[in-house]
2 protein chains.
Amino acid sequence: MASIKEVAKHAGVSVATVSRVLNDKGYVSEEARKRVQKAIANLDYRPNAVARSLFKKTSKTIGLLVPDIVNPFFPELARAVEDTLSRHGYTVILCNTDESKEKEQAYLEMMMQKYIDGLIVATNTLTAAQVTKYNIPVVSIDRKISKELPGIMVENKKGASMAVRFLKKKGRKRIAHLRGPSYIPNAVERCAGYLEVVGEEPWFKESYIAEGNYDMTMSIESTIRLLNMHPDIDAIFAGNDVSAIGAIKAIHKLGKHVPRDIAVVGFDGIMLSEATTPELTTIAQPIYELGEIASATLIKIIEQQADDQTLYTLPVQLIERQST
Amino acid sequence: MASIKEVAKHAGVSVATVSRVLNDKGYVSEEARKRVQKAIANLDYRPNAVARSLFKKTSKTIGLLVPDIVNPFFPELARAVEDTLSRHGYTVILCNTDESKEKEQAYLEMMMQKYIDGLIVATNTLTAAQVTKYNIPVVSIDRKISKELPGIMVENKKGASMAVRFLKKKGRKRIAHLRGPSYIPNAVERCAGYLEVVGEEPWFKESYIAEGNYDMTMSIESTIRLLNMHPDIDAIFAGNDVSAIGAIKAIHKLGKHVPRDIAVVGFDGIMLSEATTPELTTIAQPIYELGEIASATLIKIIEQQADDQTLYTLPVQLIERQST
DNA sequence: CTGAAAGCGCTAACAA
DNA sequence: TTGTTAGCGCTTTCAG
C-alpha cells in the first residue's frame with residue numbers, strides 16, 4: 001500500500017501539502033491540489049488510519065457492550081448502532097460481557113489501548129467510576145449510569161402498567177407477573193409498574209410474582225409453579241418477550257389454552273414475538289430508535305465535545321395480538 | 001496514560017529494555033526486569049496498541065462480515081466468533097453488508113486502512129478477486145469462496161435429503177419445498193437435496209417448489225399460493241427455519257393444522273425453532289461450532305502464516321419436534 | 001546485557 | 001502558498 005510519502009513524490013510536493021489536501025485544511029494552490037489528487041488516484045492511495053490514530057489519539061471506532069448478542073433484543077439494537085455509526089465513518093467493536101465485571105474490564109482495557117472513541121453500553125454492570133477512570137464518552141441504553149452521563153431509556157414502568165391495565169380491561173381478574181432479575185433496573189421498574197396497578201387489589205399477594213429471570217427455561221418452570229400454586233390465575237404479564245414465550249409454553253404444557261384460559265402479555269417487541277403461535281401481545285420498545293439515538297448522541301459528544309447529560313425517555317407501545 | 005518512555009525513566013533503563021520485557025524478547029538482566037515490572041505496576045502502564053500496530057502492521061482485530069445480524073442465524077455465529085477470538089486477544093468488528101457489494105467494499109476499505117488481520121465471511125458476495133487484491137487472510141462460513149481459501153461448510157444437500165426422506169417415512173405423500181434465493185449457494189444445495197429424493201417421483205412437478213427467499217413474509221405468501229395450487233400437499237420442507245415458521249403461519253391462516261394436515265421441517269436449528277408452537281422439526285447446523293472452527297482456522301493462518309485451504313464439512317442433525 | 005537511533009505513516013507547528 | 005521538521009508510542013537493528 002502506498003504511503004503519503006510516495007504520493008508526495010509522485011505529485012512533486014511535500015507530504016505536508018498532501019496532508020493538506022487529504023484533510024482539506026490550510027492553503028493549497030489549485031494546481032498543487034490537482035496534482036496531488038491525480039497522484040492519489042494513480043497510486044490508489046488510502047490514508048493509513050493507524051498512523052492517523054497514533055497522532056490524533058482517536059480511532060473512529062466505538063465499542064458496543066451488550067450482555068449477549070444471542071439474546072434477541074440485542075441484534076436489533078446492534079444493527080441500529082452499526083447502521084448509524086458506519087454511516088458516519090465509525091467502526092463498531094462487538095463485546096459480549098455476559099454481565100461479568102471481569103469480562104467487561106478486559107474489553108475496556110483492550111479498547112482503551114486501541115484509542116477507542118466512545119462506548120455504547122447496553123449492559124448493567126458498568127459503573128460511573130469506570131467511565132470516569134477511563135475518561136471516555138459513554139451513552140447508556142435502557143439504564144442511567146449516573147446523572148452526569150446521557151442515557152436512552154424507555155417508559156418501563158408506564159409500559160408495564162399499561163400492559164396490566166389492558167389485561168384488566170379485557171376482564172382478567174388474577175394477573176400474575178413473571179419478573180426479571182433484580183439487578184437489572186428495567187426489571188425493577190416493570191415490576192413496579194405491575195404493582196402500581198394490582199398491588200392494592202384485595203386478592204393480591206407477593207406470591208403472584210415469580211422470577212422468570214428473562215430466560216425461557218426459568219420462565220417455564222416458574223410459570224408451572226405459579227399456576228399450580230394459584231389455579232385462579234387468568235393472565236400473566238411477563239417482564240420480557242422471551243419470558244412470555246416461556247409462559248406460553250408452560251401453559252400449553254399444562255394443557256391450557258392461550259388466550260382462552262390464560263392471557264399473556266410480553267415486553268420488548270422483539271421480532272420473535274411475531275413468530276410464535278399464538279402471536280404475542282406485547283409492549284413494544286422502539287428498539288431500532290434506541291440504538292439510533294444512542295449512536296447519534298455519542299457522535300455528537302465525540303465530535304463536538306458537547307457533554308450531553310440528557311436522559312432521553314422513549315415511549316412504548318401496546319401491540320395487541322393473539323395471546324390476549 | 002503512561003507511555004513506554006515514562007516507564008523507562010522510572011525504571012532507570014532505556015525504552016528498548018522496557019520493550020524487551022514487555023515482549024519477553026532478547027536479553028534482559030533479572031534486576032532490570034524487576035525494576036521495569038515494578039515501574040509498570042506503579043504507573044499502571046498498558047502498551048499502546050495503536051503505536052504497536054503502526055510498526056507491526058497488524059492490529060489484533062478481525063472483521064466479521066454478515067448479511068444482517070438481525071437474521072437469527074447470525075447472532076449465534078457472531079457469538080461463537082467473538083468468544084473464540086476474544087479469548088485469543090482479538091477484537092471483532094461487526095459489519096452488516098445486506099449482501100450489497102458496495103457496502104461490503106466500503107467496509108473492506110475501512111478495515112484495510114486499520115490494518116485488520118483477517119476476515120470471517122458469512123456473506124455470499126465477497127469474491128476471490130477481492131481477497132487477492134487486499135491480500136488478507138480469509139475464512140468463509142457456509143460457502144467456498146475459492147479452492148485456495150479455507151471454508152467451513154455443513155452438509156446442506158445431505159441434510160435436505162434427510163429431511164425429505166424423514167417426511168416420507170412419516171407417511172407424507174406430497175412434499176413441497178420452500179426454497180431460498182438462488183444466489184445463495186446453500187439454498188441451491190438444499191434444493192438439490194430435496195430434488196434428489198422426490199425429483200423422480202411420478203407426482204413431482206416443478207411447481208411443488210416455491211420461492212421462500214429465506215424470509216418470513218415471502219414464505220407466508222408463497223405457502224398460501226402453493227397450497228391453493230396443490231391442495232394435496234401434506235408436507236413442506238422449508239429451506240431454513242425462518243421460512244418454515246412462515247409456512248406454519250400460512251398453514252394456520254388457511255385453517256389447517258400442523259402437523260395433522262401438513263407437516264413442516266425447517267433447516268438451521270436456530271433458537272427460534274424451539275420458541276414456536278408447535279416447536280419446529282429441523283435440520284440443525286452446529287452453528288456455534290461453525291464459528292469456533294472458522295475462528296480457530298483464521299487464528300492459525302494469521303499466527304503461523306500457515307495457509308490452510310481445507311474445506312471443513314460439518315455434519316447436520318435432524319431434530320424431531322412437534323411440527324412433524 | 002543495554003542503549004541510541006531509525007522508522008512505521010501521519011499531522012501540525014513553524015519558518016520561509 | 002509551501003516545505004521542513006518534530007513528534008505520536010512502539011519495535012528493532014546495530015554498536016557497544
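The rules behind each value
Residues numbered from 1 in each chain as written. Chains lettered and ligands numbered in written order. Predicted model: local features only at pLDDT ≥ 70, side-chain atom pairs only at ≥ 80, totals over all residues. Heavy atoms only, no water. Salt bridge = Lys/Arg side-chain N within 4 Å of Asp/Glu carboxyl O. Helix = DSSP H or I, 4+ residues; strand = E, 2+ residues; numbered from the N terminus. Buried < 20%, exposed > 50% of the residue type's maximum accessible area, 1.4 Å probe, protein only. Domains from an automatic or database assignment. Contact = heavy atoms within 4.5 Å. Buried area = accessible area lost by both parts, 1.4 Å probe. Polar contact = N/O pair within 3.5 Å; in protein donor to acceptor, adjacent residues only side chain to side chain. Nonpolar A, V, L, I, M, F, W, Y, C, P; charged D, E, K, R; others polar. Near = heavy atom within 4 Å. Least-squares fit on C-alpha atoms with pLDDT ≥ 70 in both. UniProt positions renumbered as here; feature names shortened; annotations may be inferred. Pairing = 2+ DSSP bridges. Axes fitted to C-alpha atoms, helices over the stretch in contact; angles between N-to-C directions. Parallel < 35°, antiparallel > 145°, perpendicular 65-115°, else oblique. Left-handed = near helix turned anticlockwise from the far one by under 90°.

Chain A appears in an unreviewed UniProt entry as Transcriptional regulator from Neobacillus piezotolerans.

Colleague: Looking at this structure, how should I read the pattern of salt bridges?
Modeller: Between side chains of opposite charge, pairing is possible as soon as their charged atoms come close. Within the structure shown, the criterion is met by 44 salt bridges over all chains. Here lysine 168 of chain A ties to glutamate 201 of chain A by a salt bridge, and the two come within 2.5 Å at their closest N and O atoms. Pair noted here: lysine 168 of chain A is in helix H8 (residues 156-169) and glutamate 201 of chain A is in the loop between helix H9 (185-198) and strand E7 (209-211), with a separation of 33 residues, a long-range link. Residue lysine 168 of chain A is classed as partly exposed on the basis of its relative accessible area, which comes to 34%. Given a relative accessible area of 21%, glutamate 201 of chain A falls into the partly exposed group. Ionic pairing is found between glutamate 279 of chain A and lysine 249 of chain B, a salt bridge with its closest N-O pair at 2.7 Å. Taken together, the residues glutamate 279 of chain A in the loop between helix H12 (272-275) and strand E10 (281-284) and lysine 249 of chain B in helix H11 (residues 241-253) connect one chain to another. Just as glutamate 279 of chain A is buried, lysine 249 of chain B falls in that class too. Beyond isolated ion pairs, a larger network of salt bridges with shared partners links Asp68, Asp98 and Lys103 of chain A together with Arg79 and Asp83 of chain B.

Colleague: Even after reading the chapter, I still don't get the domain arrangement of chain A, so can you show me in this structure?
Modeller: Many structure descriptions define interface size as the accessible area lost when the parts assemble. Residue and element names in this part refer to chain A. Once the domains are mapped, chain A shows domain 1 (4-47), domain 2 (61-154 + 287-315) and domain 3 (156-284). Taking only C-alpha atoms into account, the centre of domain 2 sits 29 Å from that of domain 3. Contact with domain 2, which involves 10 residues of that partner, is made by 13 residues of domain 3. For the pair domain 2 and domain 3, the two sides together bury roughly 900 Å², of which 55% comes from carbon and sulfur. The interface formed by domain 2 and domain 3 holds 0 salt bridges in total. Linking domain 2 to domain 3 there are 4 residue pairs in polar contact (both at pLDDT 80 or more). Each residue belonging to the side of domain 2 that touches domain 3 can be placed in one class, and the counts come to 5 nonpolar, 1 polar and 4 charged.

Colleague: What exactly am I supposed to notice about the interface of chain A and chain B here?
Modeller: Between chain A and chain B, the residue contacts involve 51 residues of the former and 52 residues of the latter. The largest contributions to the chain A side of the interface with chain B come from Val50, Arg79 and Gln113 of chain A, which together make up 15% of the buried area. Applying the counting rule to chain A against chain B returns 8 salt bridges. One can count 29 residue pairs in polar contact (both at pLDDT 80 or more) joining chain A with chain B. Looking at the side of chain A that touches chain B, the elements that each hand over two or more residues are helix H4 (49-56), helix H5 (73-87), strand E2 (91-96), helix H6 (101-113), helix H11 (241-253) and H12 of chain A. Residue classes in the side of chain A that touches chain B are distributed as 25 nonpolar, 12 polar and 14 charged.

Colleague: Honestly, the protein's contact with DNA strand C in this entry has me stumped. Any pointers?
Modeller: Inspection of the region around DNA strand C gives 28 residues, with Ile4, Tyr45 and Arg52 of chain A together with Arg20 and Ser29 of chain B positioned closest. A breakdown of the atoms of DNA strand C within 4 Å of the protein gives sugar and phosphate a share of 67%. The separation between a phosphate oxygen of DNA strand C and a polar side-chain atom of asparagine 23 of chain A is 3.2 Å. Those elements that place two or more of their residues in the surface near DNA strand C are helix H1 (4-11), helix H2 (15-23) and H4 of chain A together with helix H2 (15-23) and helix H4 (49-56) of chain B.

Colleague: Explanation requested: the relation of the copies chain A and chain B in the structure shown.
Modeller: Think of it as a corkscrew move, a rotation about one axis and a shift along it, taking one chain copy to the other. Each copy of the sequence occupies a distinct position, and chain A is placed on chain B by a rotation of 180° and an axial shift of 0.0 Å, giving an RMSD of 0.1 Å. The two molecules are tied by a two-fold rotation axis, judged by turn and shift. By residue overlap, the copies meet face to face through one surface: 98% of the interface positions of chain A are interface positions in chain B.

Colleague: It is not clear to me how the UniProt feature "domain: HTH lacI-type" (unreviewed entry) in chain A should be interpreted in this structure. Could you clarify?
Modeller: The UniProt record annotates "domain: HTH lacI-type" (unreviewed entry) at residues 2-56 of chain A. Structurally, residues 2-56 of chain A comprises 71% helix and 0% strand, and the distance from its first C-alpha atom to its last is 21 Å.

Colleague: Would you mind going over the sheet that holds strand E6 (residues 175-179) of chain A with me for this structure?
Modeller: Strand pairing in a sheet takes place through backbone hydrogen bonds and is either antiparallel or parallel in direction. Residue and element names in this part refer to chain A. Reading across from one edge, E7-E6-E8-E9-E10-E12 is the order of the 6 strands in this open sheet, with mixed pairing throughout. Sheet topology places E7 and strand E12 (317-319) at the edges, where each strand pairs with a single neighbour. Across this sheet, the average inter-strand angle for adjacent strands is 20°, counted without regard to direction. Pairing of E10 with E12 involves 3 bridges; the strand directions are antiparallel. For alanine 284, the partnering residue across the bridge sits in E12 and is glutamine 317. Strand contacts of helix H10 (residues 216-229): E6, E7 and strand E8 (235-238), with the helix running at about 150° to E6, the strand carrying the most contacts. The strands that H11 touches are E6, E8, strand E9 (263-268) and E10; relative to E9, the one it contacts most, it runs at about 160°.

Colleague: I'm lost on the sheet that holds strand E7 (residues 209-211) of chain B in this one. Help?
Modeller: Residue and element names in this part refer to chain B. Ordered in space as E7-E6-E8-E9-E10-E12, the 6 strands form an open sheet in which the pairing is mixed. Every other strand in the sheet has two partners, leaving E7 and strand E12 (317-319) as the edge strands with one partner each. When strand polarity is set aside, the average angle formed by the axes of neighbouring strands in this sheet is 20°. Relative to strand E9 (residues 263-268), H11 is tilted by about 160°, and along the sheet it contacts strand E6 (175-179), strand E8 (235-238), E9 and strand E10 (281-284).

Colleague: Got a minute to help me understand the packing of helix H8 (residues 156-169) of chain B against helix H9 (residues 185-198) of chain B in this structure?
Modeller: The relative placement of two packed helices comes down to the angle between their axes together with the axis-to-axis distance. Residues and elements named next belong to chain B. Between H8 and H9, the shortest axis-to-axis distance is 7 Å and the interhelical angle comes to 40°. If you check the angle between H8 and H9, you find them oblique. Viewed along their axes, H8 and H9 form a crossing whose handedness is right-handed. The segment H8 lies against H9, with Asn156, Lys157, Ala160, Ser161, Val164, Arg165 and Lys168 engaging Asn186, Glu189, Arg190, Ala192, Gly193, Tyr194, Glu196, Val197 and Val198. Across the contact of H8 with H9, the residue classes break down as 6 nonpolar, 4 polar and 6 charged.

Colleague: Quick question: what am I supposed to make of the protein's contact with DNA strand D here?
Modeller: The immediate surroundings of DNA strand D are formed by 28 residues, with Thr17, Arg20 and Ser29 of chain A together with Ile4 and Tyr45 of chain B found nearest. Near-protein atoms of DNA strand D (within 4 Å) split between backbone and bases, with sugar and phosphate holding 63%. The contact in question runs from a phosphate oxygen of DNA strand D to an N or O atom on the backbone of isoleucine 4 of chain B, over 2.3 Å. Measuring from a phosphate oxygen of DNA strand D, one finds a side-chain N or O atom of asparagine 23 of chain B at 3.1 Å. Of all the secondary-structure elements, those providing two or more residues to the surface near DNA strand D are H2 and H4 of chain A together with helix H1 (4-11), H2 and H4 of chain B. Of the residues in the surface near DNA strand D, the class split is 14 nonpolar, 7 polar and 7 charged.

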